[in-house]
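One-letter residues, chain by chain:
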There are 2 protein chains.
Amino acid sequence: MKVLIVGAAGMIGAKLASRLAADSAIGERGVDALTLADVVEPRRPAGRIGTVRTLALDVSDPGAVAGLVTDRPDLVFHLAAIVSGEAEADLEKGYRVNLDGTRHLFEAIRAEHEREPSYVPRVVFASSIAVYGAPFPARIGDDFQLAPLTSYGAQKAMGELMLADFSRRGILDGLGLRLPTICIRPGRPNKAASGFFSNILREPLAGEEAVLPVEESVRHFFASPRAAVGFFLHAARLDTGPVGPRRNLAMPGLSATVAEEIEALRRAAGDKAVGLIRREPDETIRRIVGGWATDIEAKRARDLGFRAETSFDEIVRAHIEDEMGGRIP
Amino acid sequence: MKVLIVGAAGMIGAKLASRLAADSAIGERGVDALTLADVVEPRRPAGRIGTVRTLALDVSDPGAVAGLVTDRPDLVFHLAAIVSGEAEADLEKGYRVNLDGTRHLFEAIRAEHEREPSYVPRVVFASSIAVYGAPFPARIGDDFQLAPLTSYGAQKAMGELMLADFSRRGILDGLGLRLPTICIRPGRPNKAASGFFSNILREPLAGEEAVLPVEESVRHFFASPRAAVGFFLHAARLDTGPVGPRRNLAMPGLSATVAEEIEALRRAAGDKAVGLIRREPDETIRRIVGGWATDIEAKRARDLGFRAETSFDEIVRAHIEDEMGGRIP
């Protein structure tokens, strides 16, 4: 099977690439060719796959995107996007990358499909819970409206609609995954409004200070990077027959408060680690986070076998295993 | 006030243009310039407005669309679209006209807004209940998901998302109106799957035969052309403050069965008119119509003052008054 990952230099894309290269299979199907593309050339993962191509390209260039699918990959993961903050700061770039880039990819697949009608690749699209906007019900159901409150969310929702339409028309066999906030993000603290959810665990686990800008009662919806990679791999091999025409699925996750995060940190690393969290209330962040979903039912995805963590202990453990070599320093 | 109607040669667009030309005002605000654009040059309506321009242009040409807003219309009605059947038959044309055309218009407004930040025109966008797709709850609420089952519906939903995003960003002051099936459509019978809903009233009222391809128990959701024009005029002068960021509104309408249509015809024109309806069951039409919404709550729109007919007697009366000179031949 030939696999293409667009957005393979991003955090989830790179983890997915590493996993595919290491396993050289998804379920029972062997992966013999892997193409990794992003705006910067993705790192070449270690593994035993015969052919690995790494490419730097701009998804907003239709010709470059067309070149990605001329060898007709059986499976396409589409994770390329500029993030929420940047899409909000630069309207043109957001629509150009997040909407046009997605459209160019789907159109490139359509061109191949029209040359060879039996070519209908599985396409797994990284969407986001940003397609939802407040006010929310206590728990967002699968039939809740798309009413995003960011340009990023609007662009992801537009990509979802096109994915479903192209799937319904038999051009591609798409699944859109509305990802929860990913926690614990590896790496360094960043300035994303959601960053603190990861920072207050990752930094104290490594013996560093972290800033908490909101109350401990704040509730949000999470999945680990490990769970996110699992969503993509599950979507890659899912039988889409029972999915029907509604191809965009809210992914499962953990609804939890900051207090629950902190208690999981205490159980994993003790009071000393918890003591590294410094309270610095930030009204702006508090207001932004106040508009975010606190719980999502994700019944369809759960019924289709998608799985996420059910406690922050699991999320912390996944981070220690996957990012810290299994132990706290 | 300067008003632009894009799609002014279509059925609703032309009625709206005639009404504006006749009234030369919307509410308290005078209309002194009216620009009417469509893919064919719109008919020049009778009236007293100082400046009326009529233009033929292709909305998928960004330069042509930009030229429409260089004089900064205060109010823009955007009704230009290719219809559902054509968008399904010609995927490229559907996305080009219905998505790109809408985007070019919003982008042209953005360019003017960036030149002059106080320029934030009201934009009223013709959306459709085609943004919904089966299965439905018994009554579709305002927070029901966007899951269209046609390319037309997907393109309208994408336009809605962009309208809401550009409104939230203060580029334009948009309202999207999800129109019910318009009944009674004037003119001749057409081959649209929904055509019979109008045909079985309009033709017998004029003493002609009409074909009914489905059972009388079939239920659907309707508003008259008169009500539709009313929606656009109400949206043009609505205070959008209380609307908030969810700028796309399901319009009110009448949920009724074919049997109720027929009984209204009987009350208006007698058994002889009803006798002109010929039953010719059509499995294809039956199946298509079976996937359509039967009832929509439209609570937000009703609360905001949008009004539609509450019986088929009213719908029939509007047709007799507006299209038949007030009397049945």
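Cut-offs used in this document
- Residues numbered from 1 in each chain as written.
- Chains lettered and ligands numbered in written order.
- Predicted model: local features only at pLDDT ≥ 70, side-chain atom pairs only at ≥ 80, totals over all residues.
- Heavy atoms only, no water.
- Domains from an automatic or database assignment.
- Contact = heavy atoms within 4.5 Å.
- Buried area = accessible area lost by both parts, 1.4 Å probe.
- Salt bridge = Lys/Arg side-chain N within 4 Å of Asp/Glu carboxyl O.
- Polar contact = N/O pair within 3.5 Å; in protein donor to acceptor, adjacent residues only side chain to side chain.
- Nonpolar A, V, L, I, M, F, W, Y, C, P; charged D, E, K, R; others polar.
- Helix = DSSP H or I, 4+ residues; strand = E, 2+ residues; numbered from the N terminus.
- Core = buried A, V, L, I, M, F, W, Y, C linked by side-chain atoms within 4.5 Å.
- Buried < 20%, exposed > 50% of the residue type's maximum accessible area, 1.4 Å probe, protein only.
- Expected span 1.5 Å × (residues − 1).
- Pairing = 2+ DSSP bridges.
- Axes fitted to C-alpha atoms, helices over the stretch in contact; angles between N-to-C directions.
- Parallel < 35°, antiparallel > 145°, perpendicular 65-115°, else oblique.
- Left-handed = near helix turned anticlockwise from the far one by under 90°.
- Least-squares fit on C-alpha atoms with pLDDT ≥ 70 in both.

1. A word on the domain arrangement of chain A
Residue and element names in this part refer to chain A. Domains assigned within chain A are domain 1 (2–178 + 224–250) and domain 2 (195–221 + 253–296 + 309–323). Between the C-alpha centres of domain 1 and domain 2 there is a distance of 28 Å. Taken together, the contacts link twelve residues of domain 1 with 13 residues of domain 2. Approximately 1100 Å² of surface area, both sides summed, lies buried where domain 1 meets domain 2, with 52% of it carried by carbon and sulfur atoms. Linking domain 1 with domain 2 are four salt bridges, by the criterion used here. In this structure, Arg139 engages Asp295 in a salt bridge whose closest nitrogen and oxygen atoms are separated by 3.1 Å. Where domain 1 meets domain 2, there are six residue pairs in polar contact (both at pLDDT 80 or more). Residue composition of the side of domain 1 that touches domain 2, by class: eight nonpolar, one polar and three charged.

2. Description of the interface of chain B and chain A
The interface of chain B with chain A comprises 35 residues on the first partner and 36 residues on the second. Taking both partners together, chain B and chain A bury about 3000 Å²; carbon and sulfur atoms supply 51% of that area. Scanning the region where chain B abuts chain A turns up eight salt bridges. Arg169(B) serves as the salt-bridge partner of Glu88(A), at 4.0 Å between the closest nitrogen and oxygen. Our count for the chain B to chain A interface comes out at 26 residue pairs in polar contact (both at pLDDT 80 or more). If you list the elements that add at least two residues to the side of chain B that touches chain A, you get helix H3 (84–89), helix H4 (91–115) and helix H5 (151–168) of chain B. Counting residues per element, the side of chain B that touches chain A draws most heavily on H5(B), which supplies nine residues. Taken together, the residues of the side of chain B that touches chain A break down into 19 nonpolar, four polar and twelve charged.

3. Some remarks on the nonpolar core
If you look at the biggest cluster of nonpolar residues, it comprises 88 residues, and the most contacted ones within it are Ile296(A) and Ile296(B). Beyond its immediate sequence surroundings of up to four residues, Ile296(B) is in contact with Ile129(B), Tyr132(B), Arg139(B), Ile140(B), Phe221(B), Ala250(B) and Arg302(B).

4. Quick word on helix H11 (residues 312–323) of chain A
In an α-helix there are 3.6 residues to a turn, and that puts residues three or four apart on one side. All names here are of chain A. Taking 1.5 Å per residue as the helical rise, H11 with its twelve residues ought to reach 16 Å, and the 16 Å between its terminal C-alpha atoms agrees with that figure. All of the buried residues along H11 are Phe312, Ile315, Val316, Ala318, His319 and Ile320. In this structure, the buried side of H11 is in contact with helix H6 (195–205), strand S11 (219–223), helix H7 (225–237), strand S13 (254–257) and helix H8 (258–274). A distance of 3.3 Å separates the backbone nitrogen of Asp313 from a side-chain oxygen at the start of H11, and that oxygen is part of Ser311.

5. Overview of the sheet that holds strand S12 (residues 248–250) of chain A
Residue and element names in this part refer to chain A. With parallel pairing, seven strands are arranged side by side in an open sheet as S5-S4-S1-S6-S7-S8-S12. Two strands close off the open sheet at either side, each with one partner strand: strand S5 (51–56) and S12. Sheet twist, expressed as the mean angle between neighbouring strand axes with direction ignored, is 15 degrees. Where strand S8 (residues 173–179) lies against S12, three bridges are found, and the strand directions are parallel. Within S12, the position partnered with Arg178 by the bridge is Ala250. Running over the sheet, helix H1 (residues 11–23) touches strand S1 (2–6), strand S4 (33–38) and strand S6 (75–78) and is turned about 160 degrees from S1.

6. A word on the packing of helix H2 (residues 62–69) of chain A against helix H4 (residues 91–115) of chain A
Residue and element names in this part refer to chain A. In the contact formed by H2 and H4, the axes pass within 8 Å of each other and the chain directions differ by 50 degrees. Here H2 is positioned oblique relative to H4, judged by the angle of their axes. In terms of crossing hand, the pair formed by H2 and H4 is right-handed. Of the residues in H4, those in contact with Pro62, Val65, Ala66 and Val69 of H2 are His104, Leu105, Ala108, Ile109 and Glu112.

7. What to know about the relation of the copies chain B and chain A
Here chain B sits on chain A after a turn of 180 degrees about the axis and a move of 0.0 Å along it, with an RMSD of 0.0 Å. Expressed as an axis order, the relation between the two copies is that of a two-fold axis. Rotation axis and chain B: the residue whose C-alpha lies nearest the axis is Gln145(B), separated from it by 1.9 Å. Taken as a fraction of all interface residues of chain B, those also at the interface in chain A reach 100%, which identifies the copy contact as same-surface.

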